[in-house]
Structures are given as structure tokens and as C-alpha cells.
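A closer look at the structure
The lines below spell out each chain.
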Amino acid sequence: MYEHLKTELRGAVAVMTVSVPKSLNALSGAVLRDMEHYLQSLDCHSVRCLVITGDGDKSFVAGADIGEMAPLDAAGGTAWGAGGARVFRMIETLPIPVIAAVNGYALGGGCELAMACDIRICSDNARFGQPEVGLGIIPGFSGTVRLSRLVGMGMAKQLIYTGSHIKADEALRIGLVNAVVPQAELMDKAMELAARIAANAPLAVQAAKRCINAEYDMPADEAIAFEAEAFGQCFATQDQKEGMKAFLTKGKYEFQGK
Ligand code: CO8
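What counts and what doesn't
Residues numbered from 1 in each chain as written. Predicted model: local features only at pLDDT ≥ 70, side-chain atom pairs only at ≥ 80, totals over all residues. Heavy atoms only, no water. Domains from an automatic or database assignment. Contact = heavy atoms within 4.5 Å. Buried area = accessible area lost by both parts, 1.4 Å probe. Salt bridge = Lys/Arg side-chain N within 4 Å of Asp/Glu carboxyl O. Polar contact = N/O pair within 3.5 Å; in protein donor to acceptor, adjacent residues only side chain to side chain. Nonpolar A, V, L, I, M, F, W, Y, C, P; charged D, E, K, R; others polar. Helix = DSSP H or I, 4+ residues; strand = E, 2+ residues; numbered from the N terminus. Buried < 20%, exposed > 50% of the residue type's maximum accessible area, 1.4 Å probe, protein only. Pairing = 2+ DSSP bridges. Axes fitted to C-alpha atoms, helices over the stretch in contact; angles between N-to-C directions. Near = heavy atom within 4 Å. Areas by Shrake-Rupley, 256 points an atom, 1.4 Å probe, with all protein chains shown as cover. 1 Å grid on protein atoms, 1.4 Å probe; cavity = no way out; pocket = protein on both sides within 12 Å on 5 of 7 lines; lining within 4 Å. Points joined across faces, edges and corners; volume = space filled by probe spheres on them. Phe/Tyr/Trp six-rings, centres within 6.5 Å; stacked < 30°, edge-to-face > 60°.

Let's shift gears to the domain arrangement of the chain. Interface size, as often reported, equals the accessible area lost upon joining of the parts. The domains assigned to the chain are domain 1 (5-198) and domain 2 (202-248). Computed from C-alpha atoms alone, the centre-to-centre distance between domain 1 and domain 2 is 27 Å. Contacts between the two partners involve 13 residues from domain 1 and, on the opposite side, 7 residues from domain 2. Summing the contributions of domain 1 and of domain 2, the shared interface buries around 750 Å²; its carbon and sulfur component is 48%. Where domain 1 touches domain 2, the interface holds 2 salt bridges. Seen at the junction of domain 1 and domain 2, the total is 8 residue pairs in polar contact (both at pLDDT 80 or more). Its residues assigned to classes, the side of domain 1 that touches domain 2 shows 8 nonpolar, 1 polar and 4 charged.

What follows is the structure, given as C-alpha cells:
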């Protein structure tokens, strides 16, 4: 259905695999368009979590497609960067949680794709980096925005100014990833995490994502009020009523997303 993506649904968990074998899954305009269409098509009522990974055992995404970017002028570069940044923002603001299962190189746009996800886990052979300055450009899919938010400004500046690749254990140490697992176990671990999220009350999980994202840029008082409002809205759901009843009566209840 998509030329550059493999997609599947495993229960309430969707998996999107970037698949461009000739370029270690580099992101061309066509790949980004496929992603945008796929994200638009996701039914976030029945799907409760999305896992993003790369095809093969060597690369998650080796960056934006350098061949496609090479001839751009300033206006073309601006448009190209904005197009990718828009797709990544769709991921960041997707109503449901998104897990990056990073299975190898996550460089440039690949690292930026992982950072747009809510949670990152990676295989022990993963390599992260923002090597753009070695190509005469800077991160253009919001890497200068998200990297410092994730790992702090000093480390973000070091990574971006040097363009160095870092290994999985260093990515874990600086907080760029949540966990490192053996490559053979990566997808199982990602699916376990996704299933755990999918078993919780979907409207509450979505409200938590909305709050954490929105409150990040708010003054504390505004953020606290935003959470209080969202917290209150949870009590208007069937899942809160039935979920708490099940706890109190030692019964079982499967969350319905209502
Ligand atoms: N774009 C296009 N093709 C690529 C890319 C890429 N990003 N990465 C790898 N490939 C291709 C190679 O050209 C090669 O093709 P071919 O077989 O035809 O020669 C094939 O994939 C296999 O790659 P290698 O032979 O190089 O494999 P190695 O194992 O030797 O090396 C590396 C793997 C280290 C990942 C190496 O391929 C590499 O350094 N790739 C480029 C990584 C990089 O610099 N990424 C950042 C790109 S810039 C970016 O992402 C900016 C994002 C913001 C854009 C804003 C737009 C304005």
C-alpha cells in the first residue's frame, strides 16, 4: 500500500517500518509523504499506540536523503526542512503514544525522527548523531529544538557542533533513549511496552500525552491549571467509573476508550 513503508496492526498497536533498503532507510520527500498519509489514516480510537522502526538490522533511518537535498537552493532547503518538520510534529502531537524502536543508525533526520516520538528504546548496535554540519547544513527537522530539550543544552551543542556519532550506551547515559536491549529482542520489548500502554485507559493516556506536551512550554501556574482541567475531564469517562469500580470490588474491567 505504501512504497516506502511497511505497516501492520498487531491488536491495538500499529507498527510503521521505514523501508528504503538502497539508502539505509534515508528519508526522501516520497518517504515523508508516505509517512504523512499513513499518520493521517491512523484511527486513534481503535489504535492505542504506534511503534516506528526501520527495515533491516543495520539502520533505523540514516538521515534525510542527501542526494535529494544536494541541489536545493535556500528556498528549496527551507521548504524541504519545513515539510519534514511538519510530519515529525504530527508524530509528536499524534493523540496516541509513539515508541521509536531504533534498530541501528539514527543519524540526522533519523535521530530527529526518534526524538519526535514519545519514548525511544534501541538495540545495542544503535548509533545516534546529528552529522549535518559535516555536510554544510544544520539539523533541519527540529533537531536543534528537541535535542537540547532531551539531553540538555551543553550536550546537544557538543553533539551538533561535532557531528559525532554516539553508541547506544552513551545515548542511554545522556537520556537520549529510555532503554537499550539486545538487537534480537528489540521488537519484542517495544511491543511489550506498547501493549502495556494499550491496556491502560486510552482517553487517560491521551490526556496525559496532551498535558505533558502542552505544559512543557507553559508557566507553572498555567500548567498546573491545564492539568487540573484535564484531570477533571477524566471523571466524565466510563473508563474512570468502571476502572475504579473494578478496583474497589476486586473485579476486572477492560478499558473501552469511552
Ligand atoms: N541519504 C542518501 N543515501 C544514503 C544516506 C542518506 N542519508 N545514508 C546512506 N545512504 C546510502 C549510501 O549512499 C549507500 O548507497 P550506495 O550503496 O548506492 O553507495 C547506501 O546507503 C549504504 O550506505 P554506506 O555504503 O555508506 O554504508 P556504511 O555502512 O559504509 O555507512 C553510514 C553507513 C555511516 C550510515 C553512512 O551511510 C552515512 O554516513 N550516511 C549518511 C548519514 C548522514 O549524514 N545523515 C544525515 C543526513 S542530513 C539530514 O538528515 C538532515 C535532516 C534535516 C534536513 C533538512 C532539509 C533542509
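What follows covers the environment of Thr162. With respect to the helices and strands, the residue Thr162 is situated in helix H6 (residues 153-162). Taking the relative accessible area as the measure of exposure, Thr162 reaches 49% and is therefore partly exposed. Between the C-alpha atoms of Thr162 and Ala198, which are 36 residues apart in sequence, the distance is 39 Å. A polar contact of 2.8 Å, which involves the side chain of Thr162, links it to the side chain of Ser164.

Read from one edge to the other, the open sheet built from 4 strands follows the order S4-S6-S8-S9, with strand pairing classed as mixed. Single-partner strands in this sheet number two, and they are strand S4 (59-61) and strand S9 (165-167). For this sheet, the mean inter-axis angle between neighbouring strands, taken without regard to orientation, is 20°. Against the sheet, helix H4 (residues 109-116) contacts S4, strand S6 (105-107) and strand S8 (127-129), and its axis sits at roughly 75° relative to S4.

This brings us to the site of the ligand. Around the ligand, the surrounding shell holds 25 residues, and the nearest of these are Lys58, Ala62, Ala64, Ile66 and Gly109. Burial of the ligand by the protein chains amounts to 63% of its free accessible area of 1,100 Å². Of the residues forming the shell around the ligand, the biggest block, 3 residues, is contributed by helix H3 (residues 74-92). Counted by class, the shell around the ligand contains 13 nonpolar, 7 polar and 5 charged residues.

So, on to the pattern of salt bridges. Following the criterion strictly, the structure yields 9 salt bridges and no others. When the shortest N-O distance is used, the salt bridge between Arg10 and Glu8 registers 3.3 Å. Residue class for Glu8 comes out partly exposed when judged on its relative accessible area of 37%. Where Arg146 meets Glu92, a salt bridge forms, and the shortest distance between an N and an O atom there is 2.7 Å.

Over the atoms, a rolling probe the size of a water molecule traces out where space has been left empty. Quantified by volume, the largest pocket comes out at close to 630 Å³. For the lining of the largest pocket, the secondary-structure elements that each account for two or more residues are H3, H4, strand S7 (119-123), helix H5 (143-151) and helix H9 (202-215). Looking at the lining of the largest pocket element by element, the count peaks at 5 residues for H9. In this structure, the lining of the largest pocket is formed jointly by two domains, domain 1 (5-198) and domain 2 (202-248), each of which donates at least three residues.

Taken together, the 6 strands give an open sheet; going across it, the order is S1-S2-S3-S5-S7-S10, and neighbouring strands pair in mixed fashion. The sheet is open, and its two edges are formed by strand S1 (5-10) and strand S10 (179-181), each paired on a single side. Pairs of neighbouring strands in the sheet enclose a mean axial angle of 20°, with direction left out of account. Summarising the sheet, strand S5 (residues 98-102) and S7 pair through 4 bridges and their orientation is parallel. Bridge assignment links Ala101 to a residue of S7, and that residue is Ile121. Lying on the sheet, helix H1 (residues 29-41) is in contact with S1, strand S2 (13-18) and strand S3 (49-54); it crosses S2 at an angle near 170°.

On to the packing of aromatic side chains. Applying the stated criterion to the full structure yields 5 aromatic pairs. Ring centres 5.8 Å apart and planes at 90° place the aromatic pair Tyr2 and Tyr38 in the edge-to-face group. In this pair, Tyr2 is assigned in the segment before S1 and Tyr38 in helix H1, connecting sequence segments 36 residues apart. With centroids separated by 5.1 Å and ring planes inclined at 70°, the aromatic side chains of Phe231 and Phe235 adopt a geometry described as edge-to-face. For Phe231, a relative accessible area of 54% corresponds to the exposed category.

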